[in-house]
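# Architecture and fold: a report
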Amino acid sequence: MKGVALWALGAIAAFLATAGAFLLLANLLGNPAASDPIPQADPPQAQGSGPTLLLDFPEDRLEELEKRPGQRLALDVENGGDEELPSVDLTLDATSGNTARPRKRSYRETVGRLAPGESTTVEVEIDLSPQMSAEGREANPAGADPQPREVLEARATTPEGVSAVKTAVLAP
Amino acid sequence: MLPAAVFASLALVLTPVFAGCGLIGGAREGETIPPASVAATDPGLGPGVRPLSFGPGDKGSPRVSPSGEKVAFVLDGYVAEKPLYAQTSLPRTASDFGAGDAEWLTDEGMAILTRQDEAGAGDASTPPAPSSLFDVRPDNSSSDGSSDVARSIEKVTAVGAVPDGGAVAAVAVAPESPGEPTSSRLVLLRSTEQPASVYLRSIKGSVTGLSISPDGRRAVMAVRRDAGDGEGRFEVQTYEFSEGRASRVARLPEETEILGAPQWTRGGVHFVAGEATDSAADDRNPADYDLYRVPAGSGTPEQVRGIGEDFMAASIKVSPGGQRLAVVGRRNLGSPTNLYVLDLASDTLEAATANENMEVKTNPLDLAWSPDGNHVILVARGALSGPEVYDAPARTLSSAFYNLYEVPVTDLPVEGESGS
């Protein structure tokens, strides 16, 4: 009798273990976006040997920016690895800090071959003028920050998938 | 021996099963905001402080749900909510809603007050600008935030949260003739499914700030009474729900205004007041207001001495148990704005944050307790004197923008002993 009970409990345990394993697998393979994931920082770049991209905003140029069209922004790109990079795609998104009335202006540039240790500066002409309402005033819904911080997010990517990101936040 | 071994085996087997279902522990690794003890960076408010939101946007009016599982906040004029430690939030209203405050209802619907017109935000010389109160059903977290408003109440001047869910709104009653003084009535909203309850006995004056006592039995109000010459004087009043009547607790001197809502504590009614009106006051430089207390049975406000003579209070909120008071303010004119906790039994002040270079919002709406009384939620951002460059995408940044921070308020060092 005791043997039968043990067999039955063993069978239940084996069933539950299998079910648990499937549930864990389902959780691990599920769509993370469906459950409000914390956004992960970009994958860390390879340390030591291998391709490494370095990206930066020269701060003196950032300080000169004004909230109007025709602003010249510089981006420094450096190949910090020990392999040649055939090309680097640069994306710059200028967005208002207001999420209720998002305004995004995107700019793209491509840098040619970069030898190991080589750096270059890319100039981008950007428009930082505020979004205007139909009445000609700065568009700003009730309750929103009247002077949101401007955000400049730059991303450099190589065809091999090496990437770097920098965000500049401008005081109003 | 055998049953114990069998149960132990079953427990070992069942643990991953329940964990897989999300019944034990948090979400998967990497899905939740890490505790402050393992976070890589200090946001600038001292050890143990944990960001609850990230990315651009002007956030404010944080409110933790009565279950403690969710937090709602106003983001650039619309209402968003999320699980407490999840990163991504969902809008509860359309982006142009113009929300100023949001309170949880018992069914996890929300009562949302539209933002008051800044020009008439309730100083001593002007009556509070009425707003509208909407309630939004709990299943209304659509991706575009387009909301189905369950009902609306007009001419609302103040709202207070009921401790276990629900909201009490003060509604301005139009005088029957031009010479009559203004009055107000209270309306209770418990859930989106229940009809609103109106307390018929009116309150003399306009309610500019309202909170509910921790036991839920009474409303505590800042009321502006007409003085007959176009000016107004502030009073602290209570409204006992069981008796359905208002009582005056204290009357303030002329030209003195109450900031936010008075709070019912075990040590009497506490409120922040000062001379009206410092137009230069803002989040970075709050006005020079003081913390007052009206002890039980007394009609005379007295300055709270336990916080220090030079302390400049900006906003207060009583803890769920009523024994402690969260105070946002500055120890003196030259010190940064911090969160303090006043232990009402011992009259001792404890610093909960160590502000390094953060702009802490000082509006009374921007302060909330967690239901268990272990944390206070505030809103802050890093001060910028020029452009700041970060090594991460904007959506993952906390101190670059106004974001919510969870501050632990248990086992705090007493002010003066810590050397701060």
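Our subject in this report is the structure included herewith. Note that this is a predicted model, so its numbers are computed, not measured. (Residues numbered from 1 in each chain as written. Chains lettered and ligands numbered in written order. Predicted model: local features only at pLDDT ≥ 70, side-chain atom pairs only at ≥ 80, totals over all residues.)

## Thoughts on the nonpolar core
Residue and element names in this part refer to chain B. Where we set the bar: In plain words, the nonpolar core is the set of buried Ala, Val, Leu, Ile, Met, Phe, Trp, Tyr and Cys residues that C-beta atoms within 7 Å link up. To sort residues by burial, count the other C-beta atoms lying within 10 Å of each one's C-beta; a count of 20 or more means buried, 12 or fewer means exposed, and anything in between means partly exposed. C-beta atoms are built from the backbone. Runs of H or I in DSSP of at least four residues are treated as helices and runs of E of at least two as strands, each being numbered from the N terminus. For the purpose of contact definition, each residue receives a C-beta atom placed from its backbone, and two residues are in contact when these atoms lie within 7 Å.
Formed by 127 residues in total, the largest nonpolar core has its most connected members in Val79, Val272, Val327, Val376 and Leu378. Per element, the largest residue contribution to this core is 6 residues, and it comes from strand 10 (residues 167-173). Not counting residues up to four positions away in its chain, the partners in contact with Val327 are Leu291, Ile307, Ala313, Ile316, Tyr340 and Leu342.

## What about the pairing of strand 17 (residues 256-265) of chain B?
Residues and elements named next belong to chain B. Rules: Any two strands with at least two DSSP bridges between them are considered paired.
With 9 of its 10 residues buried, strand 17 lies for the most part within the structure. Across 7 bridges, the pairing between strand 17 and strand 18 (residues 268-275) is antiparallel. In the strand pairing of strand 18, Thr256 is matched with Glu275.

## A word on the sheet that holds strand 15 (residues 232-240) of chain B
Sheets are built from strands that pair by backbone hydrogen bonding, the pairs being arranged parallel or antiparallel. Residues and elements named next belong to chain B. Worth spelling out the cut-off: Comment: axis = line fitted to C-alpha atoms, over the contacting stretch for helices; angle = value between 0 and 180 degrees taken between N-to-C directions.
Taken in spatial order, the 4 strands line up as 13-14-15-16 in an open sheet, and their pairing is antiparallel. The sheet terminates laterally at strand 13 (206-212) and strand 16 (245-251), the two strands that pair on one side only. Each strand axis lies, on average, 30 degrees off the axis of its neighbour in the sheet, ignoring direction. The sheet contact formed by strand 13 and strand 14 (residues 218-226) spans 6 bridges and is antiparallel. Each residue of the ladder has a partner; that of Val207, found in strand 14, is Val223.

## Considering the sheet that holds strand 19 (residues 290-294) of chain B
All names here are of chain B. Spatially, 17-18-19-20 is the arrangement adopted by the 4 strands of the open sheet, whose pairing is antiparallel. Pairing within the sheet leaves two strands with one partner each, and these edge strands are strand 17 and strand 20 (302-303). Direction of pairing for strand 19 relative to strand 20: antiparallel, over a ladder of 2 bridges. Residue pairing across strands places Tyr292 opposite Gln303, the latter belonging to strand 20.

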